[in-house]
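The residues making up each chain are set out below.
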Amino acid sequence: MDGKEKVKNQKLEVKNIEMKTIKIVLLILYILFSIKSFAQSNDDDTKPANNKSRKGFHGGIYTGVYFANKSTANIYDGYGFDPNGNKNDFTNSFMNQSINYYYAGLNGQTDQIAQALSVNHGDWSFNPSDMPTKVKYNPGISVGFNFMYGITQRDAFIFNANATRLTLTGAFTIELNTTPINPTQPGTSNVQMCSITGGEQRALFQMGYRKILGNDKVFNFFIEEGIEINMTKEMSNKIIINTLQIDLNTNYNNPYLYNGFMQKYLSGVGLGAFAGIGLNITANAKCNFQLVYEPSYEKINIGFDKSLKLQNTVGLRIYYLI
């Protein structure tokens, strides 16, 4: 499998995630219409005049799609950081060190880069113009446990604990000093497309207030707002050259240079605020469903760009009166 196919497969993975997102939205819409029929045919359980399902303590589950802000994606672009937390230049970048030195067959060692590219030693080169561009987050699936305490039929305190695992993808090139197999335009470089990937975990803890709008017996819009604490951790960063995978995070394993570095710079706790708008469905006397869009304005405390940024989620909650 060549580099172009690798990048093509990465794009197909992104499309698969997007298709999964569409399927989740369609499933949610199907559930909404099903709930309406169920609620209207369950008069004994619904008790709409009292709205019992909105008051008291509720436990629930949440699933949704998380769209991360792109501002922190640049920590996965292959440059890496020096021991003081400053971004490396190309010469000291993790990718340059790995490709042009550690795996390049210097001092009589095997040229693993040439092997992965199916060329002879010296028939390839990697320079600053080949570095990754447009490394970006893919939409992530978010799941968690949500809690609500309804103090009136319309007002409630909410407590949410959600988690998501994010992936990132990007592309870079390696120039080949061989004759291209396929015809090319004059002056066009013979390059091999390769991919770079990343992984990140986020845990989100929210506390806030929610208010039901309207007086419908089953369907009502609602708004919510509150404060949020996030815990973020960089999990992986790899470059893939056909069958060769190089873990860039091993550069942080040097205890003399990077002791405690990942805990200090590539994981952290951030603060922010969230708001939300959605549709509340009273299914019966004990069960509520909520379809919610929830933007948050928060600091993701990893890397060097630690300013407040906007994140977005859309999902479905299912509450049950305990």
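For the structure itself, look to the data block above.
The following paragraphs examine the structure supplied in this document. (Residues numbered from 1 in each chain as written. Predicted model: local features only at pLDDT ≥ 70, side-chain atom pairs only at ≥ 80, totals over all residues. Heavy atoms only, no water.)

Structural notes on the overall build of the protein
Item 1. Check the secondary structure of the protein and you find 5 helices and 11 strands.
Item 2. Sequence-distant contacts, at least 24 apart, represent 73% of the contacts inside the protein between residues at least 6 apart.
Item 3. Within the structure as shown, the protein displays about 16,600 Å² of accessible surface, and the carbon and sulfur contribution to it stands at 57%. (Helix = DSSP H or I, 4+ residues; strand = E, 2+ residues; numbered from the N terminus. Contact = heavy atoms within 4.5 Å. Areas by Shrake-Rupley, 256 points an atom, 1.4 Å probe, with all protein chains shown as cover.)

Observations concerning the pairing of strand S1 (residues 56–67)
If a strand is regular, its side chains alternate between the two faces of the sheet.
Item 1. Across 11 bridges, the pairing between S1 and strand S4 (residues 140–150) is antiparallel. In the strand pairing of S4, Gly59 is matched with Phe147.
Item 2. With 10 bridges joining them, S1 and strand S11 (residues 308–321) adopt antiparallel strand pairing. Each residue of the ladder has a partner; that of Thr63, found in S11, is Leu316. (Pairing = 2+ DSSP bridges.)

Description of empty space enclosed by the protein
Item 1. As enumerated under the stated definition, the model contains 3 cavities of 30 Å³ or more in all.
Item 2. What the largest cavity holds in volume is close to 70 Å³.
Item 3. Considering the residues around the largest cavity, the lining is formed by Tyr62, Ser142, Asn162, Leu204, Gln206, Glu228, Glu294, Ser296 and Thr313.
Item 4. When grouped by side-chain class, the residues that make up the lining of the largest cavity number 2 nonpolar, 5 polar and 2 charged.
Item 5. In this structure, the second largest cavity spans a volume of roughly 40 Å³.
Item 6. Together, Asn69, Ser71, Thr72, Glu298, Lys299, Ile300, Asp305, Ser307, Lys309 and Gln311 line the second largest cavity.
Item 7. Counting residues per element, the ones that place at least two in the lining of the second largest cavity are strand S10 (287–299) and S11.
Item 8. Its residues placed into classes, the lining of the second largest cavity shows 1 nonpolar, 5 polar and 4 charged. (1 Å grid on protein atoms, 1.4 Å probe; cavity = no way out; pocket = protein on both sides within 12 Å on 5 of 7 lines; lining within 4 Å. Points joined across faces, edges and corners; volume = space filled by probe spheres on them. Nonpolar A, V, L, I, M, F, W, Y, C, P; charged D, E, K, R; others polar.)

A closer look at the packing of aromatic side chains
Item 1. All chains considered together, the criterion is met by 9 aromatic pairs.
Item 2. Ring-pair connections join several aromatic residues into one group, and the members of that group are Phe81, Phe94, Tyr252, Tyr258, Phe261 and Tyr265.
Item 3. The ring of Tyr137 carries the charged tip of Arg202 above its face, separated from the ring centre by 5.4 Å. (Phe/Tyr/Trp six-rings, centres within 6.5 Å; stacked < 30°, edge-to-face > 60°. Lys NZ or Arg CZ within 6 Å of the ring centre and 35° of its normal.)

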